[in-house]
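Analysis of the macromolecular model
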Amino acid sequence: MINLGGQRYNNTPLSNEIVHNSLSNNSKNFTFAGIELNTMQKIKKGDVVGFSFILTNKSGEILDQSYPGEPLMYIHGAVMIVPGLEKNLLDLQVGDKKIVEVEPEEAYGLFDESLLFQVPRQNFPAEAELSEGMQFQSQDEGGLMNIVVKEIKGDTIYVDANHPLAGETLKFDVTIESIREATAQEIEHNHVHQHGSDH
């Protein structure tokens, strides 16, 4: 599954984790894993948001989608998902549905031809049986780079370090599944914690 800029977790469906349900003044509150959820609240910075999605390109091809009962979780404002999607989720509530079209500049960037390289075979692990489409990680001054083998000609390997979705206009069909305030530890660690976990 394509990483949308954040981290994926194998979350249990919210309905299986509810341990308390209280209704008062026409508001709906749930408590699970010791954390209170209010289904009436709107997404704001610092909230943990769970959403299901279907991701397609301009031609309508499905590129990725969430699994039933396993929404993608992120902290709003923590740069865990692509900027063009995140800004369009602000102020949505649980149950809201929205189709968001994101241009490359606010998704995975424009395609950059300077990220196409010719690499000597000897630069790859000797035991690696290279084939077109294989992915590797390479370390440079800017950190880790994900590269894809595009073509093999003798001892010269042609690779692409662009994100697989670089240059693509993306369409996200999103449903908001849950909203809650992030815990202090989640804010400090800059990721969503599994239920009952602090790591």
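Below or above, wherever it landed, is the structure these notes cover. Computed from a predicted model, the values in this text were never measured in an experiment.

The rules behind the values
Residues numbered from 1 in each chain as written. Predicted model: local features only at pLDDT ≥ 70, side-chain atom pairs only at ≥ 80, totals over all residues. Heavy atoms only, no water. Helix = DSSP H or I, 4+ residues; strand = E, 2+ residues; numbered from the N terminus. Buried < 20%, exposed > 50% of the residue type's maximum accessible area, 1.4 Å probe, protein only. Contact = heavy atoms within 4.5 Å. Phe/Tyr/Trp six-rings, centres within 6.5 Å; stacked < 30°, edge-to-face > 60°. Pairing = 2+ DSSP bridges. Salt bridge = Lys/Arg side-chain N within 4 Å of Asp/Glu carboxyl O.

**Focus on the overall build of the chain**
- Check the secondary structure of the chain and you find 3 helices and 12 strands.
- When each of the 199 residues of the chain is scored for burial, the buried share is 38%.
- Sequence-distant contacts in the chain: of pairs separated by 6 or more residues, those separated by 24 or more amount to 64%.

**What about the environment of Ile-99?**
- Mapped onto the fold, Ile-99 is located in strand E7 (residues 97–102).
- Counting along the chain gives 76 residues from Ile-99 to Thr-175, while the straight-line C-alpha distance between them is 8.9 Å.

**Quick notes on the packing of aromatic side chains**
- Per the stated rule, a full pass over the model turns up 3 aromatic pairs.
- Both rings, one in Phe-51 and one in Tyr-74, keep their centres 5.8 Å apart while their planes meet at 80°; by these two values the pair is edge-to-face. Of this pair, Phe-51 sits in strand E4 (residues 47–56) while Tyr-74 sits in strand E6 (residues 72–75), and the two are 23 residues apart along the sequence.
- A relative accessible area of 0% places Tyr-74 in the buried class.
- Look at Phe-124 and Phe-136: their rings are 5.2 Å apart centre to centre, the planes differ by 70°, and that puts the pair in the edge-to-face class. Here Phe-136 lies in strand E9 (residues 135–140) and Phe-124 lies in the loop between strand E8 (116–120) and E9, a separation of 12 residues in the sequence.

**Side note on the environment of Gly-154**
- Within the secondary structure, Gly-154 is located in the loop between strand E10 (143–153) and strand E11 (156–160).
- For Gly-154, a relative accessible area of 62% corresponds to the exposed category.
- With 34 residues separating them in the primary sequence, Gly-154 and Pro-120 have C-alpha atoms 9.4 Å apart.

**So, the pairing of E4**
- For E4, a buried count of 9 out of 10 residues is recorded, marking the element as mostly surrounded by other parts of the structure.
- Across 4 bridges, E4 lies against E6 in antiparallel orientation. Bridging from a neighbouring strand, Gly-50 pairs with Met-73 of E6.
- Sheet topology places E4 next to strand E5 (residues 62–65); 3 bridges connect them, and they run antiparallel. Paired with Leu-55 across the strands is Asp-64, a residue of E5.
- Linking E4 to E5, which pair antiparallel, is a turn of 5 residues; within it Gly-60 sits at a positive phi near 90°.

**So, the pattern of salt bridges**
- In the structure shown here, the tally under the stated rule is 5 salt bridges.
- Taking the shortest distance from any N to any O, the salt bridge between Lys-44 and Glu-181 comes out at 3.8 Å. Taken as a pair, Lys-44 in the loop between strand E3 (35–38) and E4 and Glu-181 in strand E12 (residues 170–181) lie far apart in primary sequence, 137 residues in all.
- You can call Glu-181 exposed: its relative accessible area is 54%.

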